[in-house]
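# Working through the structure, step by step
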Amino acid sequence: MNLLKTLIKNKVSNRTILKLKYMIGKTGLPKTLRIDITAFCNAKCPFCPRVAMPAERSTGRMSIENFTSIIEEAKNFGIKTLKLYITSEPLLHPDFAKFVEVAVKNEINVQISTNLSVLQHRLNDLRKVSKLQLSIEGWDKESYEKYRFPLKFERAKNNFEFLTNDPLLKKIHKEIHLPVTKITNLEKFFTLWGNVDAIRIDFMQPYNYFDKFENKFISNYPIKLQNEIYELHETENKTCYDPFDEIVVGYDGKIHLCCLDFHAELPLGNISDGFKKVLNNYKRKSIQSEFLTGKVDTCGSCSQFMQASQDQKNKVKISIDEAWKKIKPNAKIIFYENTWESNG
């Protein structure tokens, strides 16, 4: 581990670090499992990969029996963290409480991402999870209802107040991931939503879709937001740990490559094949090889590799600094390597 820290400090390439970690067994054996217990989402966000998602994958849900089987194998496999979200709103599953109970019973930490639309009647269930990620981009009624159409601002705000004021939820880490655009009002955002543990800020990205003819992922800018999103550039350094460190399972058991793969078109198998067979899947291994050799084709045009310029980062950093000094939200603000945090 000291060698890894030395390499990072000396700015050795990310691919070299990935290769070294893979060689010494620090990556490649997943400790995190992602599962879509339902395929349904009640929002139609204009920036979400669901806009290009195949219709046949937008409905359906996992049975508690299949989920229990997966979790029991996950425990034996050494999985420590379960993220109950990929493409959908997990709280919409009618058996959500049972899913959480099964995971907790098997001593697996549960993390949830929610759009706050159906929260209040789930508070008792959420008290058992270790982390809540809140999906919010808007800073007022108009912007919220544009980014989270057709959800309603008043419901989200009321549910947010319930969530942050529930004494039994105080110990649970609550975090917002905020992808900013050119028009994001950070002062208003911090005022409305700043009463969480952390707000992690980066840039709103293009969404991914899977091109069947090219057999690879392509990214597109959402048409409805094209004048708002920063124009990002494709980075040459394409390193990703997701195909190594996570097992991502759709509602029907199909294996997704990562959390940005909303199509599940790649021949990666089914979780019913068993964890070992999934991890040794030929396509999975070939994609890992692409990252290890630097010849990244399947994922080469993924939105993950669309990066902001230093000037764009500096501009947003200044905006964050000004908003933070004025509002002083309770949340720790994280923007790449920069943080803002109240000493109190």
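Look up: the structure comes first, before these words.
Predicted model, so just to flag it, every value in this text is computed and none were measured. (Residues numbered from 1 in each chain as written. Predicted model: local features only at pLDDT ≥ 70, side-chain atom pairs only at ≥ 80, totals over all residues. Heavy atoms only, no water.)

The next subject is the sheet that holds strand 10 (residues 246-249). Two modes of strand pairing occur in sheets, parallel and antiparallel, and in both the strands are linked by backbone hydrogen bonds. Strand order in the open sheet formed by ten strands is 11-10-1-2-3-4-5-6-13-14, and the pairing between neighbours is mixed. Lying at the two open borders of the sheet, with one neighbouring strand each, are strand 11 (255-256) and strand 14 (338-340). Looking at chain direction, strand 1 (residues 32-35) and strand 10 are connected through four bridges and run parallel. Note on strand 10: the bridge partner recorded for Arg 34 is Val 248. The strands touched by helix 3 (residues 64-77) within the sheet are strand 1, strand 2 (81-83) and strand 10, with strand 1 carrying the most contacts at an inclination of about 170°. (Pairing = 2+ DSSP bridges. Helix = DSSP H or I, 4+ residues; strand = E, 2+ residues; numbered from the N terminus. Contact = heavy atoms within 4.5 Å. Axes fitted to C-alpha atoms, helices over the stretch in contact; angles between N-to-C directions.)

All right, on to helix 7 (residues 153-165) then. The terminal C-alpha atoms of helix 7 lie 18 Å apart, and with 13 residues this matches the ideal 18 Å at 1.5 Å per residue to within 8%. What helix 7 keeps buried is the set Phe 153, Ala 156, Lys 157, Asn 159, Phe 160, Leu 163 and Thr 164. All buried residues of helix 7 project into a common sector of 165° when viewed along the axis, lining one side. Packing partners of the buried residues in helix 7 comprise strand 4 (131-134), helix 6 (141-147), strand 5 (173-180) and helix 8 (186-193). (Expected span 1.5 Å × (residues − 1). Buried < 20%, exposed > 50% of the residue type's maximum accessible area, 1.4 Å probe, protein only. Arc of directions from axis to C-beta.)

What follows deals with the pattern of salt bridges. Counted by the stated rule, this structure contains 18 salt bridges. Where Arg 34 meets Glu 246, a salt bridge forms, and the shortest distance between an N and an O atom there is 2.7 Å. Of the two residues, Arg 34 is situated in strand 1 and Glu 246 in strand 10; the sequence distance between them amounts to 212 residues. A residue is classified by how much of its surface remains accessible, and Arg 34, at 8% relative accessible area, is buried. Classification of Glu 246 by relative accessible area gives buried; the value is 8%. The closest approach of N and O atoms between Lys 141 and Glu 145, which form a salt bridge, is 2.9 Å. (Salt bridge = Lys/Arg side-chain N within 4 Å of Asp/Glu carboxyl O.)

A covalent bond between the sulfur atoms of two cysteines is what we call a disulfide. Taken as a whole and assessed by the stated rule, the structure comprises zero disulfides. Distance from the sulfur of Cys 48, which forms no disulfide, to the nearest cysteine sulfur (Cys 45) is 5.9 Å. Exposure remark for Cys 48: the relative accessible area of 15% places this residue in the buried category. As a non-bridged cysteine, Cys 299 has Cys 302 as the owner of its nearest cysteine sulfur, 6.2 Å distant. Classification of Cys 299 by relative accessible area gives buried; the value is 7%. (Disulfide = S-S within 2.5 Å.)

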